[in-house]
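# Observations on the model geometry
So you can see what is in the structure, the chains are spelled out below.
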Amino acid sequence: MLTNAHLKYESQKLGMNYFRVAIVLFGAQLLLGLVAAIQFMYPGFLFEVLDFSVARMVHINALVVWMLYAMIGSVYYMIPDETGEEVVGAGLGKLAFWVLTAAVTVVVLVYIFIQIGSGTEATIWLINEGREYIEAPRWADIGIVVVVLIFYWNVFATFMKGKRTGIMTVMVADLFALAGLYLAGMFFTDNISMDQYWWWWVIHLWVEATWEVFVGALAAYGLIKILGAKREIVEMWLWIEVLMLFGSGILGLGHHYFWIGTPEYWWEIGALFSALEPVPLVAMFVHVLYDWGKEQGHMEANAAEGEKAHAVNNTPAMAWIATNAFGNFLGAGIWGFFHTLPQVNIYTHGTQFTAAHGHLAFFGAYATILIGMMYLGVQGASGIKKMTMTFKTKMALFLIIFGLLGMTVALTIAGYEQVLVERADLGGGWDAYFTAQNLPWMVQAMGWRLAMGVVTFLGFVYLLWDLLTIGKAQAKEA
Amino acid sequence: MEPIISMPVIAPNEFLGIFAVSTMVLVLGVGYAALVTLSKMGYLSRKWIPVSYIFWILQAYSLYDLSVRIHSSPFTFKVLMIAMLAYLFAPHVYFYLVEQAEKRYSQAEEHR
Amino acid sequence: MSKKNASVWTSIRFWRRSAAWVTGTATVLLIWLTFNTMGQISMGSDADLANGVKKRIPAPTVINYHIDYVMDQKRGHEVPVIGQKEPFFGKQWSAEEAAALLHHGKLTSQAKNCMNCHTLLGNGAYYAPDLTKAWLDPRWEDGTMAAITGKNSKEEAMAEFLMHPSQYPTHARMMPNLNITQDEAVALVAFLKHMSSIDTNGFPRNFSQNAKRLEGGTNAH
Ligand code: HEM
Ligand code: HEM
Ligand SMILES: [Fe+2]
């Protein structure tokens, strides 16, 4: 992971830089998640030193930022492959990378050491904005916009100069929407309903529309690169996926407008369109399996005597991409569908159920494929023809998936109990909340969440170790 | 204006059923799509096609059951059933598309 | 590519266009709905309150009124009901004063990061109780907290609690001291009171049954 030895393009070297920061931030995310999980069980832990709110803020911010880093890294990595060109502004891109990384470091240090400010505009500008996932203070918002503009210019100009593949066309259009949406989260209003209305434009239209399409494009690139799938077919499907994802996801936004002060018509709109959201996820799942089967079949038919046929030239990346196809469906599709109808959501809204879905969906839909992209990067950087799984790869896959599933099951049980006791039976409120929190089901579920979080973290250690060593080890063998 | 969705009170002991049945809807839905695709691709024998329809019937029933459990109004109920009917054709349409695309583009110039 | 009698269903161009149309249509619909919603969720005016005109999000001066949350048989769920005038921190607030107070309160809620422990309107973190209707919570309403904090009114008790939360713990999981000043605390209470007057389509459900239950009644109705 630390070498660029075999990369010809500056664009890909830059991509590797983004991957390196991403993996570090992933580790930080998990550590702070563990702190928050401990506080659920032992509320005295770091009380008034590093409170739950601080731990959680760093946890989810590191999450969003490492994913954006890995996404930018993936795009820089695929640009030369797709367009056949070196990125136009490599120097500027590098500068932007360092500026962004310095800014992220400052923001995190301020989160951890300054934490909160007084109730003035200065706090919003300098310390944090206090809005879940997009807490970054305004100065950093502006910095992010500038850096993203540079990135976007690089992608766009290279695209215009080189080959214009379907995958890159989707990418260029999608990144435009993705970056533009960030602006919806940058203003202040006294009206909390208005605040939440626009906040969801960023969060929902990211994770359930633009990021999903991004993943569709990445998977398409991955299938061609790893399996040698046929470009025309992959691209045709990519467009169908775009159609289905945007067709359901954009108006699916309504499932967040049931109870925030917005009118009742969102019940119907949100229910209808968000219930359709799992459909493209099923299609993506079937598609990945279909291509895998197909290409494996071709290879076996064409293989020379005695040679063991294998279509996949990077099994770790392929394993993570297959996990993505299934995890996306499971976390976003199934766990999302659970609570997306308003009749059910009025009870589950804002319970541990939401947390269960949030974890499995973010992991299944995004963490997996981005890890896959990192393996692709390592393969290219170390000049390995055929990369295969090591013991560490398998341990990482197993422990991380097992840990995440375990956490999700624990949180689902906790959410179920919370829905029954706090919401359906007691009707919510301070007393009802703590009655539900203190029942054994909840307490034990929180224990299991912590235990499974530790398992996840062990998996991360294996992942990091593998990424650092697999390149060198297999380059030597070859 | 009467809202089309009524917001019924759900008793605590009804939730487990609701969550279980909504899982069934999706799992059976994937099962149906996967069985149709895999058997048409030749990875499974053709005998699995009837089984896939059983999946679909069970899925339709689960969705019907879900709509009863969440006390949905007649309108919502009709929408759900129409959606179910549309889903019957989805994997077939899907497979037709892959196959046609395969035929059309396998002649195209070799990929990288 | 040769495309003699190739079906439109396998045409990349066809799917690209369809994707663009569907995305475009969905976006236009969303924007149109957004305009409609913006109209419905912009804050009402002080005159609306005086004239009894119902707004989903009332004016900041709603802090001068008594707020209740009661079952509406026609809508099939609870809705906030704005009643008679009542003093807030011992006085009536003018439209400008109330607006400035709400502004300060909302700003403070973000500066202190309430949302990374609590949920507001059901969104946020799940470490502490939902604050949507905190103003109406039986624990504030029935005098429990006033007694614990030694204050005479609900709003003063709330402000005192927010300034020194870890001095008045009711559970092992405590709210930490967030260096909230007197002014900020008053503003936060105004923010919470205003939020409780928002028409949330019946969320949280059955909340109004709570008070009866805690008084020894049952929540079966
Ligand atoms: C990859 C895709 C997805 C990701 C990463 C994701 C992530 C999340 C997260 C993190 C939240 C919690 C937000 C908060 O902090 O308040 C959330 C809420 C929600 N998600 Fe998803 N989600 C995805 C897809 C879906 C899908 C496909 C559906 C529906 C079928 C869905 C339905 C919901 C609903 C209804 C809520 C609101 C929960 C509540 O009322 O508290 N999500 N999602
Ligand atoms: C070591 C493993 C982890 C632990 C112990 C952990 C713990 C936590 C805790 C305690 C919260 C706060 C929940 C609350 O407000 O009640 C949280 C929130 C969250 N975490 Fe994690 N986490 C872990 C890993 C992950 C991973 C791998 C992801 C995604 C890839 C993730 C995504 C999230 C999200 C999206 C939220 C916000 C959920 C919401 O608001 O609904 N976490 N996590
Ligand atoms: Fe959503």
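Residues numbered from 1 in each chain as written. Chains lettered and ligands numbered in written order. Predicted model: local features only at pLDDT ≥ 70, side-chain atom pairs only at ≥ 80, totals over all residues. Heavy atoms only, no water.

### Considering the interface of chain B and chain C
Frequently, the measure chosen for interface size is the accessible area that the parts lose on association. Counting residues at the interface gives 10 residues for chain B, matched by 11 residues for chain C. Both sides of the chain B and chain C interface together cover about 920 Å² of buried area, and 60% of this is carbon and sulfur. Looking at the side of chain B that touches chain C residue by residue, the classes come out as eight nonpolar, one polar and one charged. (Contact = heavy atoms within 4.5 Å. Buried area = accessible area lost by both parts, 1.4 Å probe. Nonpolar A, V, L, I, M, F, W, Y, C, P; charged D, E, K, R; others polar.)

### Looking at the site of ligand 2
Ligand 2 sits among 27 residues. The nearest are Arg56, His59, Glu132 and His359 of chain A together with Tyr126 of chain C. Between an oxygen atom of ligand 2 and a side-chain N or O atom of Tyr133 of chain A, the distance comes to 3.4 Å. Within the side chain of His359 of chain A, one N or O atom sits 2.8 Å away from a nitrogen atom of ligand 2. Secondary-structure elements contributing two or more residues to the shell around ligand 2 are α1 (10-41), α2 (52-83), α13 (352-382), α14 (391-425) and α16 (440-477) of chain A. A total of seven residues in the shell around ligand 2 trace back to one element, the largest contributor, which is α1 of chain A. The residue inventory of the shell around ligand 2, partitioned by class, reads 16 nonpolar, eight polar and three charged. (Near = heavy atom within 4 Å. Polar contact = N/O pair within 3.5 Å; in protein donor to acceptor, adjacent residues only side chain to side chain. Helix = DSSP H or I, 4+ residues; strand = E, 2+ residues; numbered from the N terminus.)

### A few points about the pattern of salt bridges
Per the counting criterion, the structure on display carries 21 salt bridges over all chains. Its salt-bridge partner being Glu97 of chain C, residue Lys91 of chain C comes within 3.3 Å of it at the nearest N-O pair. We classify Lys91 of chain C as partly exposed; its relative accessible area is 32%. Judged by its relative accessible area of 34%, Glu97 of chain C is partly exposed. Each of the salt bridges in this network shares a partner with another, and the network as a whole consists of Glu264 of chain A together with Arg56, Arg75 and Asp199 of chain C. (Salt bridge = Lys/Arg side-chain N within 4 Å of Asp/Glu carboxyl O. Buried < 20%, exposed > 50% of the residue type's maximum accessible area, 1.4 Å probe, protein only.)

### Comments concerning the site of ligand 1
With respect to spatial proximity, 26 residues lie near ligand 1, and among them Tyr133, His349, Gly350, Thr354 and His357 of chain A are the closest. Chains contributing residues near ligand 1 are chains A and C. Within the backbone of Gly350 of chain A, one N or O atom sits 2.9 Å away from an oxygen atom of ligand 1. At a separation of 2.8 Å, a nitrogen atom of ligand 1 approaches a polar side-chain atom of His357 of chain A. Sorting the residues of the shell around ligand 1 by element identifies α7 (192-227), α11 (315-338) and α13 of chain A as the ones contributing at least two each. Ranked by the residues each element gives to the shell around ligand 1, the list is headed by α13 of chain A, at seven residues. Residues that form the shell around ligand 1 fall into these classes: 10 nonpolar, 12 polar and four charged.

### Some words on unusual backbone geometry
For the bond from Phe203 of chain C to Pro204 of chain C, the omega torsion is -10 degrees, close enough to zero to count as cis. At His71 of chain B, a position not held by glycine, the phi torsion is positive, near 50 degrees. Following the sequence through the fold, His71 of chain B ends up in the loop between α2 (48-69) and α3 (74-105). The exposure class of His71 of chain B is partly exposed, given its relative accessible area of 34%.

### As for the interface of chain C and chain A
Taken together, the contact pairs 83 residues of chain C with 83 residues of chain A. For the pair chain C and chain A, the summed buried surface comes to about 7500 Å²; carbon and sulfur atoms form 64% of the total. Where chain C touches chain A, the interface holds four salt bridges. Where Arg75 of chain C meets Glu264 of chain A, a salt bridge forms, and the shortest distance between an N and an O atom there is 2.9 Å. Between chain C and chain A we count 35 residue pairs in polar contact (both at pLDDT 80 or more) in total.

### Remarks on the coordination of the iron ion (ligand 3)
By definition of the ideal shapes, four donors in a tetrahedron about a metal sit 109.5 degrees apart, and six donors in an octahedron sit 90 or 180 degrees apart. Residues and elements named next belong to chain A. Every protein donor of the iron ion (ligand 3) is listed here as His204 (ND1), Glu208 (OE), His255 (NE2) and His256 (NE2), and their distances to the metal cover 2.0 to 2.2 Å. Classification of the site at the iron ion (ligand 3) rests on its four donor atoms, whose angles at the metal span 84 to 144 degrees, yielding the label irregular. Binding-site remark: the iron ion (ligand 3) is held by donors from one chain whose sequence spacing is H-x3-E-x46-H-H. Distance-wise, the iron atom of ligand 1 is placed 4.3 Å from the iron ion (ligand 3). Note that Glu208 is positioned in helix α7 and His255 in the loop between α8 (231-252) and α9 (265-276), a separation of 47 residues in sequence. Across this residue pair, the class does not change: Glu208 and His255 are buried. (Donors = N, O, S within 2.8 Å, 3.2 Å for Na, K, Ca; no water. Tetrahedral: all angles 85-135°; square planar, octahedral: opposite > 155°, others 65-115°.)

### Section: the coordination of the iron atom of ligand 1
For the iron atom of ligand 1, the sole protein-derived donor is His357 of chain A (NE2), lying 2.0 Å away. Here His357 of chain A shows up in helix α13.

### A short note on the domain arrangement of chain A
Residues and elements named next belong to chain A. Parsing chain A into structural domains produces domain 1 (9-163) and domain 2 (312-478). Contacts between the two partners involve 21 residues from domain 1, matched on the other side by 27 residues from domain 2. Linking domain 1 with domain 2 are zero salt bridges, by the criterion used here. One can count one residue pair in polar contact (both at pLDDT 80 or more) joining domain 1 with domain 2. Broken down by secondary-structure element, the contributors of at least two residues to the side of domain 1 that touches domain 2 are α1 and α2. Among the elements that take part in the side of domain 1 that touches domain 2, α1 stands out by supplying 13 residues, more than any other. In terms of residue class, the side of domain 1 that touches domain 2 is built from 18 nonpolar, three polar and no charged. (Domains from an automatic or database assignment.)

### Points about the packing of α7 of chain A against α13 of chain A
Residues and elements named next belong to chain A. Where α7 meets α13, the closest approach of the two axes is 11 Å, and the angle between their N-to-C directions is 35 degrees. Classified by chirality, the crossing of α13 by α7 is left-handed. Two secondary-structure elements touch here, α7 through Val207, Trp211, Glu212, Val215, Leu218, Ala219, Tyr221, Lys225 and Ile226 and α13 through Phe362, Ala365, Tyr366, Ile369, Leu370, Met373 and Leu376. Here the contact of α7 with α13 is built from residues that sort into 14 nonpolar, no polar and two charged. (Axes fitted to C-alpha atoms, helices over the stretch in contact; angles between N-to-C directions. Left-handed = near helix turned anticlockwise from the far one by under 90°.)

### Quick look at the pairing of strand β1 (residues 65-72) of chain C
The two faces of a sheet get side chains in turn, since along a regular strand they alternate between them. Residues and elements named next belong to chain C. Bridge analysis of β1 against strand β2 (residues 77-85) gives seven bridges, and the strand direction is antiparallel. Counted as the bridge partner of Met71 is Glu78 from β2. In textbook terms, the turn of a hairpin is the stretch between consecutive antiparallel strands, and for β1 and β2 this stretch comprises four residues, one of which, Gly76, has a positive phi near 80 degrees. (Pairing = 2+ DSSP bridges.)

### A short note on the confidence of the model for chain B
Residues and elements named next belong to chain B. The pLDDT averaged across chain B works out to 84; a share of 91% of its residues lies at or above 70. Between the elements of chain B, mean pLDDT differs from a low of 84, seen in α3, to a high of 93, seen in α2. Taken together, the chains of this predicted complex give a pTM of 0.95 and an interface ipTM of 0.94. (pLDDT = per-residue confidence, 0-100.)

### Quick look at the packing of aromatic side chains
Counted according to the given criterion, the structure contains 54 aromatic pairs over all chains. Here Tyr197 of chain A and Trp198 of chain A contribute two aromatic rings whose centre-to-centre distance is 5.4 Å and whose plane-to-plane angle is 75 degrees, an arrangement assigned as edge-to-face. With respect to class, Tyr197 of chain A is no different from Trp198 of chain A; both count as buried. An aromatic cluster is present here, built from Trp335, Phe338, Tyr347, Phe353 and Tyr416 of chain A together with Phe15 and Phe19 of chain B joined pairwise through their rings. In this arrangement the basic side chain of Lys392 of chain A is found over the ring face of Trp465 of chain A, its NZ or CZ atom lying 4.9 Å from the centre. (Phe/Tyr/Trp six-rings, centres within 6.5 Å; stacked < 30°, edge-to-face > 60°. Lys NZ or Arg CZ within 6 Å of the ring centre and 35° of its normal.)

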